[in-house]
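Residue-level listing of the chains:
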Amino acid sequence: MIKKENLFLHGVYICLSILLVYLLGFPQRFDRIFLTYFSLIFLARFTFFRIFFGIWFVIAALYSPVGFYYGSPNVAVISSIAETDIDEMTEFCSQLPSYFYFVPLFLAVSFIILFKKFPFPKINNRYLIIFVLGLTFYKPIKTILRHHPDTFSSIAYSFFSNIKYPILEFCIGFYESSKLYLTEKEQQLKQIEQTNNIPIVSVNPKHKTYVIIIGESVRKDYMSAYGFKYDNTPFTRTHASVIWDGLIAPAPNTQASIPHLISQSIFSVDKKVNAQLNNNIVSIANDAGFETYWLSNQGKLGAIEITVPRIAAYAKHSFYTKKGEYNGKSSRGKHDTLLLPELDNILSTEDSKPKLIVMHLIGSHPHFCRRLEFKVQFDLNNKNISCYVSSIKETDDLIAETINKLEKYKQDYSVVYFADHGLAHADQYNDLRHNPNYQDSYRVPFIFFDSDKSSQQKINKQISGFQLVYLLSNWMGVKLDVKHDYMQNELAQIPEQQNIKVKDWDNNKLYQFNKLKNDPNPFN
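All figures in this text were calculated on a predicted structure; none of them were measured in a lab. (Residues numbered from 1 in each chain as written. Predicted model: local features only at pLDDT ≥ 70, side-chain atom pairs only at ≥ 80, totals over all residues. Heavy atoms only, no water.)

Our next topic: a nonpolar patch on the surface. Nonpolar side chains collect at one region of the surface, where Leu-133, Phe-137, Ile-141 and Leu-145 lie side by side and expose about 360 Å² of accessible area between them. Within the secondary structure layout, Leu-133 lies in helix 7 (residues 126-147). Judged by its relative accessible area of 44%, Leu-133 is partly exposed. (Patch = residues over 30% accessible without salt bridge, like charges linked within 9 Å, V, L, I, M, F, W, Y side chains within 5 Å. Areas by Shrake-Rupley, 256 points an atom, 1.4 Å probe, with all protein chains shown as cover. Salt bridge = Lys/Arg side-chain N within 4 Å of Asp/Glu carboxyl O. Helix = DSSP H or I, 4+ residues; strand = E, 2+ residues; numbered from the N terminus. Buried < 20%, exposed > 50% of the residue type's maximum accessible area, 1.4 Å probe, protein only.)

A separate point is the nonpolar core. In terms of nonpolar packing, the biggest core is built from 91 residues, with Ile-212, Trp-294, Phe-418 and Phe-446 touching the most fellow members. The dominant element in this core, judged by the number of residues it contributes, is helix 16 (residues 383-408), at ten residues. Excluding residues that lie within four positions of it along the chain, Trp-294 makes contacts with Ile-262, Val-282, Val-308, Ile-311, Ala-312, Ala-315, His-317, Ser-318, Phe-319, Tyr-320, Val-358 and His-360. Within the second largest apolar cluster, 36 residues are counted, among which are Val-12, Leu-35, Phe-57 and Tyr-63. (Core = buried A, V, L, I, M, F, W, Y, C linked by side-chain atoms within 4.5 Å. Contact = heavy atoms within 4.5 Å.)

Burial analysis of helix 17 (residues 468-475) places eight of its eight residues in the buried class, which makes it a mostly covered element. Buried within helix 17 we find Leu-468, Val-469, Tyr-470, Leu-471, Leu-472, Ser-473, Asn-474 and Trp-475. Gly-477 lies just past helix 17 and shows a positive phi near 85°.

Right, let's talk about the state of the cysteines for a bit. A disulfide bridge is the covalent bond that connects two cysteines by way of their sulfur atoms. Evaluated as defined, the whole model comprises one disulfide. Here Cys-369 engages in a disulfide with Cys-387; their sulfurs sit 2.0 Å apart. On the S-S bond that ties Cys-369 to Cys-387, the torsion sits near 90°, and the link is right-handed. Of this pair, Cys-369 sits in helix 15 (residues 368-371) while Cys-387 sits in helix 16; the two residues are 18 residues apart in sequence, bridging distant segments of the chain. A relative accessible area of 2% places Cys-387 in the buried class. (Disulfide = S-S within 2.5 Å.)

This part is about the pairing of strand 8 (residues 355-360). Counted residue by residue, strand 8 has six buried out of six residues, so it is predominantly covered. Residues Lys-355, Ile-357 and Met-359 point to one face of strand 8 and Leu-356, Val-358 and His-360 to the other, with burial holding for every one of them. Across six bridges, strand 2 (residues 209-215) lies against strand 8 in parallel orientation. What sits directly across from Tyr-210, in strand 8, is Leu-356. (Pairing = 2+ DSSP bridges.)

In structure tokens:
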């Protein structure tokens, strides 16, 4: 039992435990807090562990500004350490509130004094020890029994990575993120050594500046440009030169779909498909003499962000708003409009070469309300759907701003907008999520804007997102030595395609699109 005179001390240890979890950037959880608390009351009375904990609390205090913005150690933290230059560091520091300079130092000094002077109790209660061991090992053992790892290293990794002890998690997170960062950087360098090998027959661009805007998680039946009753795409609806109704995305998620949309797809005899990443629209544009740019409001590197950044690495110039995960703690408040000042910089620079600018948006990625920069603009009596419809409006506004900037700098331009994939309804139509089982997870917008202001053309043909790189090359005036309807026809002459196939995110196996279930829009 805890003596009454020690209750205050135990209250202090619990507060210290909560503080350590917070300073190291982890979400507050019962097991994290109490494992830290028990480690203090069992071990901190020994000199070695008193010094050990003192050092870690000082590290946590100094890490706290990073933990506040980026969370626990992740790829964003590692890439920031590895890649941030003096200007970026100065910009980061200038954004910090003034107290961020004093609080970490104050805490560090306080922890040194506390662990040097503060008394720690002696507790030897066997039942408490058994409880702590159970709390520590429950989740790791449960994970091992569920997944059945079959090697010693996999068992050890599964065991230690599932112990929710913040000091251990911090070390593992730092190691794993560093390993991922170094591995992926190496793979990116190897990838870009493989250049485009599709022969270019001729280069005759009709415009000086080409812009590809890749939207996120937009199904076309939620856009007024395609008949949705809420007018959330007024600019697109009235200013687009071509509204194409019928593009079928290759896959139902970003990392599986975009490589096939903007890279050559290779189909095998066993009914599988692989993306030939070196034969992408950026590498083709490079070979054709274009100046190439990649502007992204998605993650530069992370556990999910791998394939698309390998394609982006081919661009001669790149700009990312996020160094790590697309949805990490550091992504808070980073909206697609952050790409516009960089676009302004590009367009303000005189260059005799034609330009290809790719803008990769976070757009309408779940969770929708987090994507909004401004207030919800539509009320559909459903919070999630209202935010989703409003997020599409913000993308329409961004397209309008992009066109305005092109005209501000008197650019002869052509812009194409398409989404990487759609979504399907969930929770009794209260939400939209990734789902490979529905056709509407693949039905996406496909829209063109041109500086010649030609009358709007509507095309209603179902076509596949596979090999769209040929269509995009043809649109840019780059003729490739391939035989395909996308390369051999202008937009309006491309024939409708039959028996379109798609893939899910787990493998490269192809499925018949027309055999998937329908998911109609109940808000239309």
